[in-house]
Each structure stands twice: as C-alpha cells, then as structure tokens.
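Examination of the molecular architecture
Below, each chain spelled out in residue letters.
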Amino acid sequence: MPIQVLLVDDHAVLRDGLSNIISLEQDMEVVGQANSGAQALEMLEELDPQVILMDINMPGMSGVEAIRRIRANNQKVAVLVLTMFDRDEYLYESIRAGATGYLLKDAPSSDVIEAIRSAAKGESILHPVMARKLLDNISGEKKTDRGSGDDTLTPRELDVLQLMVKGLSNKEIAEQLFISDKTVKIHVSNILKKLRVKSRSQAIIYAIQHELVLLD
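Residues numbered from 1 in each chain as written. Predicted model: local features only at pLDDT ≥ 70, side-chain atom pairs only at ≥ 80, totals over all residues. Heavy atoms only, no water.

Looking at an unreviewed UniProt entry, the protein chain carries the name LuxR family two component transcriptional regulator, with the source organism given as Desmospora activa DSM 45169.

Right, here's the structure in full:
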C-alpha cells in the first residue's frame, strides 16, 4: 500500500508542485491538501494519512499549534515540517510539539521524497542546517529519568548522551570521559535501545522533546 501523504500549506502553487512530484513515486500518494492547520485537523480523521508535510507560518492556526493538536489526537501519524524559515525557535517549538522532522523548502525534491519514506518508517529527519543549529545551541542537560526500570538512563548514559548531542564522536567522548572506545559504543547502543530510536539524530530529537537536554 502506498504511503498516504497529506500536504498542509497556504500556498496552492507549492501544494500542487509537491503533489505532482510525489505522484511520480510508485510507493506514495497524496490523499489530500489543506490550506491551513485548522483544515488539516478537519481532514485528519477522514483521510488517516501516514505522513503530513506541514508548513509553519500560515494564517490562523500556526503549524506548530496544528502539530501539537494533531499529535494529541493521533500518535501514529508522522509530521514533517517543510518551511522556508530556519529560525531556532520554530525548530525547537516544532520538535517539542511532536514533529518527527524539519526540512527547509530549499531542500532538493529528492530529499523531501526520502524524508517522507523515512518518516513513514518511524525515523526522524533534520535538514543539515537545522541539525547544526541543534548541536550549536545545546548548553547543558536536565538529568531527568525516562521511564522506569530498564528504560531509565543511567547517570553515565546521560553524560554520553550530552556529548553525543554536542556532536562528539565516540573517540572524542571516550577522551572526555576517560573511558575506552568500546565502553562508549556499549553506552551508545544502550541509549538508542532505551530511547527506542535507531540513530543519533533521532536521539537528539527525543532528548529535546523529553527535556533530557537544555537549550539556550
């Protein structure tokens, strides 16, 4: 079954262009187009999309608020922000609201297509510029337990996570914490497993959404 995609943007020309690009892919289809966050909410239950491409700056309800309301009603759908704005506050607010990715409209169409596929598989996606912003603005950590029992990050795992989101390699983390590379690999593996994510970028997004790190 093709990936069901809902487009949300107040510019009809952009929606039509995206729809035409997506329609060329055999494994996905556009099931609807909304010109506002409010209309997207109205269409959500009827269309039941797997992935939503959401603009941020729209008249009426903002994209961030739409994401927040969508995620409150539907935990399965993946929401990808597609916007022209690379402002830090939009990035952080979108991720905290529940977005699974943040793309800029200058991204190649091939990147948007691959981002849709990744989102449908439960993976997180960040435009390179926005990923760099995340790494540059992480200043500390909030040592908050996640879950209980085997799912709780240990103090040492939180130390490793903090250095991961600062962009350090395993070798650099080992040097900072005075432990072996092998030990770092074990910690990283445990962190991904406990956070139920598949990559470092997904761990970064999870850490922000659940306030495991603090941002400037």
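After presenting the structure, the write-up continues.
Ranked by size, the top nonpolar core spans 28 residues in total, and within it V8, I52, M54, I67, I70 and Y102 carry the most contacts. At the level of secondary structure, the elements contributing two or more residues to this core comprise β1 (3–8), α2 (37–47), β3 (51–54), α3 (63–73), β4 (78–83), α4 (88–97) and β5 (101–104). A total of five residues in this core trace back to one element, the largest contributor, which is α4. A174, V188, I204 and L212 belong to the second-largest nonpolar core, a separate cluster that totals 22 residues. (Core = buried A, V, L, I, M, F, W, Y, C linked by side-chain atoms within 4.5 Å. Buried < 20%, exposed > 50% of the residue type's maximum accessible area, 1.4 Å probe, protein only. Helix = DSSP H or I, 4+ residues; strand = E, 2+ residues; numbered from the N terminus.)

Let us now look at unusual backbone geometry. Phi is positive for D48, which is not a glycine, with a value near 50 degrees. For D48, the position within the fold is in the loop between α2 and β3. Of note, the phi angle at R196 is positive, near 60 degrees, even though the residue is not glycine.

This part is about the pattern of salt bridges. Per the stated rule, a full pass over the model turns up nine salt bridges. Here E65 makes a salt bridge to R69, at a shortest N to O gap of 2.9 Å. Remark: R69 and E65 occur in helix α3; sequence separation between them is four residues, near one turn of the helix. Residue D159 pairs with R156 through a salt bridge whose shortest N-O separation is 3.7 Å. Of this pair, D159 and R156 both sit in helix α7 (residues 155–165), separated by three residues, roughly a single helical turn. For R156, a relative accessible area of 32% corresponds to the partly exposed category. (Salt bridge = Lys/Arg side-chain N within 4 Å of Asp/Glu carboxyl O.)

Within the secondary structure, Q4 is located in strand β1. Separated by 112 residues in sequence, Q4 and I116 place their C-alpha atoms 9.7 Å apart. Sequence-distant contacts of Q4, defined by excluding residues within four places in its chain, comprise E29, V31, P49, Q50 and V51. (Contact = heavy atoms within 4.5 Å.)

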